[in-house]
Amino acid sequence: GDSVIQMQGQVTLSENDFLFINCTYSTTGYPTLFWYVQYSGEGPQLLLQVTTANNKGSSRGFEATYDKGTTSFHLQKTSVQEIDSAVYYCAMRPSSGSWQLIFGSGTQLTVMP
Amino acid sequence: AQTIHQWPVAEIKAVGSPLSLGCTIKGKSSPNLYWYWQATGGTLQQLFYSITVGQVESVVQLNLSASRPKDDQFILSTEKLLLSHSGFYLCAWSRDRDEQYFGPGTRLTVL
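As the structure is a prediction and not an experimental result, all values here were calculated from the model.

S.K.: Explain the overall build of chain B to me, please; I cannot follow it from the model alone.
M.R.: The number of helices and strands found in chain B is 0 helices and 11 strands. Element order for chain B, N to C, with α for helix and β for strand: β-β-β-β-β-β-β-β-β-β-β. Compactness check: chain B gives a C-alpha radius of gyration of 13 Å against a globular reference of 13 Å for 111 residues, within 12% of the reference. A total of 111 residues make up chain B; the buried ones form 45% of that total. Across chain B, every contact between residues at least 6 apart in sequence was considered, and the portion connecting residues at least 24 apart equals 54%. Carbon and sulfur atoms form 53% of the exposed surface of chain B, whose accessible area is close to 5200 Å². Charged side chains in chain B number 9 positive and 8 negative. The centres of these two groups are separated by 5 Å.

Below is the structure:
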């Protein structure tokens, strides 16, 4: 079945460190991939959407890439700040005709000042 | 601008009691609506979606039901709560199949 695996449960960095979070996906369709960010006590909000393989999306200093060959997608930021501390979720819509959104297990990012 | 409101903000209920959670979207006609459940410290699990009034599709079976009585309203309910129903319930809406906008959530504790 369709699935998303996000292995990094917790990441602790210092300010100005490089961030890299990886997810792998499994589906028989042509997926659309997303990164959502959730701050404590709030609902998630969309950070990035990547539709085309080998393309990149970028927002608020974050960049997302999608590799169809390895069925993986990554989120990275060159220099994290304390305000970036939050939970980051990768998510997948399995195909263009699907209404389902499948989330990874989330990565708790803590950025130390 | 569109706004999404969920009620109540938090609930503490007994096992076996009924539950009704609500969600209202203002400023957008014919939104696509979704319910999600998030266990404490866990990921988001999509429960239901609705693309039109009166029609609701179930994604997973958790002894919950959903209804869409009005274009801008989505209700999540059950007649008998289980301990496993505890968690954070999020309503979301979308214009199309892509970006979903989440509400503030309802924190449910079942004792």
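Resuming the write-up.
S.K.: What exactly am I supposed to notice about the layout of surface pockets here?
M.R.: Remark: the empty space left among the atoms is shown by a probe the size of a water molecule rolled over them. There is about 320 Å³ of room inside the largest pocket. Taken together, 19 residues make up the lining of the largest pocket; nearest its centre are Gln38, Val87 and Tyr89 of chain A together with Gln38 and Gly41 of chain B. Contributing elements (two or more residues each) for the lining of the largest pocket: strand E9 (86-93) and strand E11 (107-112) of chain A. Among the elements that make up the lining of the largest pocket, the one with the highest residue count is E9 of chain A (3 residues). Per-class residue counts for the lining of the largest pocket are 6 nonpolar, 11 polar and 2 charged.

S.K.: Help me out: how do you make sense of the state of the cysteines in this one?
M.R.: Simply put, the disulfide is a covalent bond whose two ends are the sulfur atoms of two cysteines. Residue and element names in this part refer to chain A. Going through the model one piece at a time under the given rule, you end up with 2 disulfides over all chains. Residue Cys23 pairs covalently with Cys90 via a disulfide, S to S 1.9 Å. Every disulfide takes its handedness from the sign of the S-S torsion; for Cys23 and Cys90 that torsion is -85 degrees, giving left-handed. Highlighted residues: Cys23 in strand E3 (residues 19-26) and Cys90 in strand E9, separated in sequence by 67 residues.

S.K.: Is there a simple way to think about the pairing of strand E3 (residues 19-26) of chain B in this case?
M.R.: Looking along a regular strand, one sees side chains alternate from face to face of the sheet. Residue and element names in this part refer to chain B. Buried residues dominate E3, accounting for 6 of its 8 residues. With 5 bridges connecting them, strand E1 (residues 3-7) and E3 associate as antiparallel partners. Its bridge partner being in E3, Trp7 is matched across the sheet by Gly22. Bridge analysis of E3 against strand E8 (residues 73-78) gives 6 bridges, and the strand direction is antiparallel. Bridging from a neighbouring strand, Cys23 pairs with Phe74 of E8.

Analysis parameters
Residues numbered from 1 in each chain as written. Chains lettered and ligands numbered in written order. Predicted model: local features only at pLDDT ≥ 70, side-chain atom pairs only at ≥ 80, totals over all residues. Heavy atoms only, no water. Helix = DSSP H or I, 4+ residues; strand = E, 2+ residues; numbered from the N terminus. Rg over C-alpha atoms; globule rule 2.2 N^0.38 Å. Buried < 20%, exposed > 50% of the residue type's maximum accessible area, 1.4 Å probe, protein only. Contact = heavy atoms within 4.5 Å. Areas by Shrake-Rupley, 256 points an atom, 1.4 Å probe, with all protein chains shown as cover. Lys, Arg positive; Asp, Glu negative; His and termini not counted. Charge placed at Lys NZ, Arg CZ, Asp CG, Glu CD. 1 Å grid on protein atoms, 1.4 Å probe; cavity = no way out; pocket = protein on both sides within 12 Å on 5 of 7 lines; lining within 4 Å. Points joined across faces, edges and corners; volume = space filled by probe spheres on them. Nonpolar A, V, L, I, M, F, W, Y, C, P; charged D, E, K, R; others polar. Disulfide = S-S within 2.5 Å. Pairing = 2+ DSSP bridges.

Read these as layout, nothing more, since geometry by itself doesn't imply function.
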